[in-house]
Structure formats: structure tokens, C-alpha cells
Amino acid sequence: QVQLVESGGGLVQAGGSLRLSCAASGRTFSTYAMGWFRQAPGKERECVAAINWSGGTTYYADSVQGRFTISRDNAKNTIYLQMNSLKPEDTAVYYCAASRAAWASRRVRDYDYWGQGTQVTVSS
């Protein structure tokens, strides 16, 4: 069992930056792929970034490529999402997720554990 707790969300003006963190419990954190997903009202949950177990492979959605950076610190059981040049369309609840599979999947169904989410609001 893995428990995930996100932090770092908030309200920011367009063009600003936020860094989300996700702290994970469990001894096997370093074997999990991890992902950041977001869900805006009335929209499906989508993967914005994912990272494999070692951090050597990453995935980014086209909409955030070049603006967001995912990283992980296996010694601290934590992953991060650095979000720069934020846009109003980035407004959503952001979720951290863990997958027992080792690869950086973008599919919701590949993830086994989910955090409670943190709200990110970008004002224009």
C-alpha cells in the first residue's frame, strides 16, 4: 500500500510559477513509476507528466512541454512538478499517482494509488 500526499497548490497570476510536491509512504517507492494528473471541472482527468522508477524517462503532455518539469527524489520518497509560465487553462485539481509498473505511463488506468489532489488556480 502506498499513500500519497500532495502539497504546493494555490492561486497564482498568469506567467507565474508553482512547485507541487508529492510525498509517498512505503518502502517500495523507488520501484514505482509516478505521474502528475489534472482534472478541470467538466473535463476528463489527464496526465500532464510522468516519470519512470529511476527518473531516467519522462513524459509530458504537449500542452505543458517546455513549461513543466517532473522530478523525483527516491531518497526522500518525493516527486515534484515545477510549473512555470502558468496559464489560466492550467487551472485544475492536480493529482499525484503511483504505478506498480515501472514505466512512465500517461494512462489513468495504469496507476494504482492516488493522492487527494491539490487545487491550482491561475488568474488572468
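That block above? That's the structure.
Fair warning: this is a prediction, and the values are worked out from it, not measured in the lab.

(A) Region of interest: the side chain of arginine 67. Among the secondary structure elements, arginine 67 is positioned in the loop between strand E6 (58–60) and strand E7 (68–73). A distance of 2.8 Å separates a polar side-chain atom of arginine 67 from the backbone oxygen of serine 63. Among the polar contacts made by the side chain of arginine 67, one reaches the main-chain carbonyl oxygen of serine 85 at a distance of 2.9 Å. When sequence neighbours within four positions are dropped, the list of residues in contact with arginine 67 reads Gln82, Met83, Asn84, Ser85, Leu86, Lys87 and Asp90.

(B) The arrangement of the nonpolar core in detail. One finds Leu4, Met34, Trp36, Leu81, Met83 and Tyr94 to be the most contacted residues of the largest nonpolar core, which totals 31 residues. Elements with a contribution of two residues or more to this core: strand E3 (18–24), strand E4 (33–39), strand E5 (46–51), E7, strand E8 (78–83), strand E9 (92–99) and strand E11 (118–123). If near-sequence neighbours (up to four positions away) are discounted, methionine 83 is found in contact with Gly16, Ser17, Leu18, Leu20, Arg67, Phe68, Tyr94 and Val120. Grouped together as the second largest cluster of nonpolar side chains are seven residues, Phe37, Ala50, Ala97 and Tyr111 included.

(C) View of the pairing of E4. For E4, a buried count of six out of seven residues is recorded, marking the element as mostly surrounded by other parts of the structure. Where E4 and E9 come together, seven bridges link them in antiparallel fashion. Within E9, the residue paired with methionine 34 across the bridge is alanine 98. As judged from the five bridges shared by E4 and E5, these two strands associate in the antiparallel manner. Looking at E5, one finds that methionine 34 is bridged to isoleucine 51. Taking the residues that link successive antiparallel strands as the turn, the E4-E5 hairpin has six residues, and the phi of glycine 42 there is positive, at about 80 degrees.

(D) Just the sheet that holds E7, in detail. Taken in spatial order, the four strands make up an open sheet running E1-E3-E8-E7, and their pairing is antiparallel. Every interior strand has two partners, whereas the edge strands, strand E1 (4–7) and E7, have only one. Neighbour-to-neighbour, the strand axes of this sheet turn through a mean angle of 15 degrees, independent of strand direction. Bridge analysis of E3 against E8 gives six bridges, and the strand direction is antiparallel.

(E) Spatial organisation of the state of the cysteines. This structure, assessed with the given rule, holds one disulfide. Here cysteine 22 engages in a disulfide with cysteine 96; their sulfurs sit 2.0 Å apart. Disulfide cysteine 22-cysteine 96: the torsion about the S-S bond is -75 degrees, which places it as left-handed. With cysteine 22 in strand E3 and cysteine 96 in strand E9, this residue pair connects regions lying 74 residues apart in the sequence. Residues cysteine 22 and cysteine 96 agree in their burial class; the two are buried. Looking at cysteine 47, it has no disulfide partner, and the nearest cysteine sulfur is the one in cysteine 96, 11 Å off. With relative accessibility at 7%, the residue cysteine 47 sits in the buried group.

Criteria and thresholds
Residues numbered from 1 in each chain as written. Predicted model: local features only at pLDDT ≥ 70, side-chain atom pairs only at ≥ 80, totals over all residues. Heavy atoms only, no water. Helix = DSSP H or I, 4+ residues; strand = E, 2+ residues; numbered from the N terminus. Polar contact = N/O pair within 3.5 Å; in protein donor to acceptor, adjacent residues only side chain to side chain. Contact = heavy atoms within 4.5 Å. Core = buried A, V, L, I, M, F, W, Y, C linked by side-chain atoms within 4.5 Å. Buried < 20%, exposed > 50% of the residue type's maximum accessible area, 1.4 Å probe, protein only. Pairing = 2+ DSSP bridges. Axes fitted to C-alpha atoms, helices over the stretch in contact; angles between N-to-C directions. Disulfide = S-S within 2.5 Å.

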